[in-house]
Amino acid sequence: MVSRGSPFDELERLLDRMNEARERAGGGLAVDVADEGDSFVLTADLPGFERDDIDVEVHERTLRIDATHRSETEEEYEDGDNYIRRERSKRSLSRSVTLPEDIEEGDASASFENGVLTVILPKSHATEESTSVEIE
């Protein structure tokens, strides 16, 4: 007898391919950048992500945000059909933003509250090394 996969396997593969294509097209992470006079303030909506899922790095005039979230759900129903459902998801978003002026990398700060990342980048002269920004 020929074994068939779940009819949902092909649908899951299609959705994965569509998600990857959307991310390659740049539709992944929208940001707002405001010039506040003495600093730039960047905000990004990251619903469903946790603080530990997000990496922020700044180098010269470029800010890079990487966010990756993985989840897995498994449910088993024993109502005579022995139906088992297992769902996995992985979401990855990244974005680089080049700022119009040099910033003081060592004084950059970030916070993450209610799914919104806020990065404050004081204006100044850039340094040569990249700096990770700790998210509060």
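The structure displayed is predicted, hence computed values, not measured ones.

Asker: Mind laying out the packing of aromatic side chains, listing which residues take part and the relevant values?
Answerer: One pass over the full model with this rule turns up zero aromatic pairs. A cation sits over an aromatic face here: K123 above F40, 4.8 Å from the ring centre.

Asker: Residue-level account of the sheet that holds strand β6 (residues 109-113), with values.
Answerer: With respect to topology, four strands assemble into an open sheet ordered β1-β2-β7-β6, the strand pairing being antiparallel. Either end of the sheet is taken by a strand with one partner, and the two such strands are β1 (31-35) and β6. On average, each strand axis in the sheet is inclined to that of its neighbour by 15°, with strand direction left out of account. Pairing of strand β2 (residues 39-45) with strand β7 (residues 116-122) involves seven bridges; the strand directions are antiparallel. When the bridges of β7 are listed, F40 appears paired with L121.

Asker: How would you explain the side chain of S39 if you had to name every residue and give the values?
Answerer: Relative to the helices and strands, S39 resides in strand β2. When residues no more than four places from it in sequence are discounted, the contact partners of S39 are A34, I120, L121, P122 and K123.

Asker: Give a detailed account of unusual backbone geometry, specifying residues and quantitative values.
Answerer: For E60, which is not glycine, the phi dihedral falls at a positive 55°. Mapped onto the elements, E60 comes out in the loop between β3 (54-59) and β4 (62-76). The backbone phi angle of N114 is positive, close to 55°, even though this residue is not glycine. Structurally, N114 can be placed in the loop between β6 and β7. A relative accessible area of 75% places N114 in the exposed class.

Asker: Help me get a handle on the pattern of salt bridges, residues and values and all.
Answerer: This model, assessed by the stated rule, comprises three salt bridges. Of the charged contacts, one joins D35 and K123 as a salt bridge, the two residues approaching to 2.7 Å between their closest N and O atoms. With D35 in strand β1 and K123 in the loop between β7 and β8 (131-132), this pair connects stretches of sequence that are 88 residues apart. Judged by its relative accessible area of 49%, D35 is partly exposed. A salt bridge links K123 to E101; the shortest N-O distance between them is 3.4 Å.

Basis of the calculations
- Residues numbered from 1 in each chain as written.
- Predicted model: local features only at pLDDT ≥ 70, side-chain atom pairs only at ≥ 80, totals over all residues.
- Heavy atoms only, no water.
- Phe/Tyr/Trp six-rings, centres within 6.5 Å; stacked < 30°, edge-to-face > 60°.
- Lys NZ or Arg CZ within 6 Å of the ring centre and 35° of its normal.
- Pairing = 2+ DSSP bridges.
- Helix = DSSP H or I, 4+ residues; strand = E, 2+ residues; numbered from the N terminus.
- Axes fitted to C-alpha atoms, helices over the stretch in contact; angles between N-to-C directions.
- Contact = heavy atoms within 4.5 Å.
- Buried < 20%, exposed > 50% of the residue type's maximum accessible area, 1.4 Å probe, protein only.
- Salt bridge = Lys/Arg side-chain N within 4 Å of Asp/Glu carboxyl O.

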